[in-house]
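Chain and residue survey
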Amino acid sequence: MARKIIITCAVTGAIHTPSMSPHLPITPAEIAQASIEAAEAGASIIHLHARDPETGEPSPDPALFMQFLPVIKQSTDAVVNITTGGGLNMTLDDRLAAPLQAKPEMASLNMGSMNFNISGSAGRVKEWKHDWEKPYLERTVNHIFRNTFQDIEQIVERLGKGHGTRFEFECYDVGHLYNLAHMLDRGVVEGPLFVQTIFGILGGIGAEPRNLMFMKETADRLFGDQYVWSVLAAGRHQMNFTTIAGMLGGNVRVGLEDSLWIGPGKAATSNAEQVRKIRRILEELGNEIATPTEARQMLALKG
Ligand code: KMH
Ligand code: ZN
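Per an unreviewed UniProt entry, the protein chain carries the name 3-keto-5-aminohexanoate cleavage protein and comes from Sabulicella glaciei. UniProt, in the comment section headed Cofactor (unreviewed entry), describes the protein chain in these words: "Zn(2+)".

It is worth spelling out the overall build of the protein chain at this point. Along its length, the protein chain carries 10 helices and 16 strands. For the protein chain, whose C-alpha radius of gyration is 17 Å, the value lies close to the compact-globule estimate of 19 Å for 303 residues. Along the longest, intermediate and shortest principal axes, the C-alpha atoms of the protein chain span 50 × 45 × 40 Å. Pairs at least 24 residues apart make up 76% of the contacts formed inside the protein chain by residues separated by at least 6 positions.

This brings us to the site of ligand 1. Near ligand 1 the following residues occur: Ala10, Gly13, Ile15, Thr83, Thr84, Gly85, Ser108, Asn110, Glu170, Ile198, Ile201 and Glu257. Considering only residue class, the shell around ligand 1 consists of 4 nonpolar, 6 polar and 2 charged.

For the pair helix H6 (residues 174–185) and helix H7 (residues 209–223), interaxial distance at closest approach is 10 Å and the crossing angle is 15°. With respect to each other, H6 and H7 are oriented roughly parallel. The way H6 lies across H7 gives a crossing that is right-handed. Residues Val174, Leu177 and Ala181 of H6 form the contact with H7, whose participating residues are Phe214, Met215, Thr218, Ala219, Leu222 and Phe223.

So, on to the environment of histidine 143. For histidine 143, the location among the structural elements is in the loop between helix H4 (133–138) and strand S9 (144–145). Looking at histidine 143, the number of C-beta atoms within 10 Å reads 18, which means it is partly exposed. Residues histidine 143 and leucine 88 lie 55 residues apart in sequence; the distance between their C-alpha atoms is 7.7 Å. With sequence-adjacent residues up to four places away left out, histidine 143 is seen in contact with Leu88 and Phe116.

Residues Asn251 and Arg253 point to one face of strand S13 (residues 251–254) and Val252 and Val254 to the other, with burial holding for every one of them. One ladder, built from 3 bridges, connects strand S2 (residues 7–10) with S13; its direction is parallel. When the bridges of S13 are listed, threonine 8 appears paired with arginine 253. The pairing of strand S12 (residues 227–233) with S13 spans 2 bridges and is classified as parallel. Bridging across to S13, serine 230 finds its partner in asparagine 251. On the question of chirality, the crossover connecting S12 to the parallel S13 by way of helix H8 (residues 238–247) is right-handed.

Running from N to C, H8 and helix H9 (residues 271–284) point in directions that differ by 35°, and their axes come no closer than 10 Å. Helix-helix and strand crossings are classified by hand; for H8 and H9 the assignment is right-handed. Contacts between H8 and H9 involve Met239, Thr242, Thr243 and Gly246 from the first element and Lys277, Ile278, Ile281 and Leu282 from the second. Grouping the constituent residues of the contact of H8 with H9 by class yields 4 nonpolar, 3 polar and 1 charged.

Bringing unusual backbone geometry into the picture now. The omega angle of the peptide bond from glycine 191 to proline 192 is -5°, so this bond is cis rather than trans. As for its placement among the helices and strands, proline 192 is situated in the loop between H6 and strand S11 (193–199). The phi dihedral of lysine 103 is positive, around 50°, even though this residue is not glycine. Looking at lysine 103, the number of C-beta atoms within 10 Å reads 14, which means it is partly exposed.

Right, let's talk about the sheet that holds strand S10 (residues 166–171) for a bit. Here 8 strands make up a closed barrel; going around it, the order is S2-S3-S6-S7-S10-S11-S12-S13 and the pairing parallel. Pairwise comparison of adjacent strand axes, ignoring direction, gives a mean angle of 25° for this sheet. Across the sheet, H8 is in contact with S11, S12 and S13; its angle to S12 comes to roughly 160°.

Rules used throughout
- Residues numbered from 1 in each chain as written.
- Chains lettered and ligands numbered in written order.
- Predicted model: local features only at pLDDT ≥ 70, side-chain atom pairs only at ≥ 80, totals over all residues.
- UniProt positions renumbered as here; feature names shortened; annotations may be inferred.
- Helix = DSSP H or I, 4+ residues; strand = E, 2+ residues; numbered from the N terminus.
- Rg over C-alpha atoms; globule rule 2.2 N^0.38 Å.
- Contact = placed C-beta atoms within 7 Å.
- Near = placed C-beta within 6 Å.
- Nonpolar A, V, L, I, M, F, W, Y, C, P; charged D, E, K, R; others polar.
- Axes fitted to C-alpha atoms, helices over the stretch in contact; angles between N-to-C directions.
- Parallel < 35°, antiparallel > 145°, perpendicular 65-115°, else oblique.
- Left-handed = near helix turned anticlockwise from the far one by under 90°.
- Buried ≥ 20, exposed ≤ 12 C-beta atoms within 10 Å, placed from the backbone.
- Pairing = 2+ DSSP bridges.
- Right-handed = clockwise from strand over helix to strand, strands pointing away.

This is the structure we're talking about:
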């Protein structure tokens, strides 16, 4: 089979706030609709967070996830990937609550503790629509995104070993690749590893093409043929980084979680618009896009 590119779409996340874009899906119905449209546009994996429908604030409440997960499952064949990164100030138990209930094929697994600041991805913040937004974003200046070795092992133990969920390993810097290699060496995780290398989050490695090459070369050395490479880049770097990654043999992630833009100075009006754009670029350059079935094969998912 010729190599096919997996497109992941991360539809809402926990960083951007409703005042930054009227197109950010917030309610369960909006998240379901955005996911279905993204899958129809060519995304074979949908990465999901939930939000409080009243305020838009990120929420770990499994009841909210359960309002959109079955709708997405019924309407698409896409792989459902639930965050374990959650949002600011959520405990590990909060972060695990929805995935433990939903037992998805895939969940995110963040490979190290770090500073994590909105500035890397948010674009411009002009006004605060909800009371929680300003303090929420200000908290990032003294916030640690906690992912200790013990946290990582606990997520693998409870979700991976417990329910057969496989992971999108989120690596925001070179050290995170070594953390993952350490887990591989100790037999905590096994291949094929879906390694999501992330560029342009303030607190992680910057969005420069030489860093993309360095992360890829490091992953090649550490994981050899035991990994499947994917790339996301925050904000305005999203489309050019994913294009380069596609041409270098990688897979790609887009979506409004990672960027609110569709082009220079132009806001994206939907997740599907971003999926269509990267698909168009990659197909124009001679690549083929993976179906959900092909993505499941490439990543050894439980289906
Ligand atoms: N917001 C992305 C840069 C997670 O959900 O676990 C990383 C992410 C984290 O997707
Ligand atoms: Zn996420």
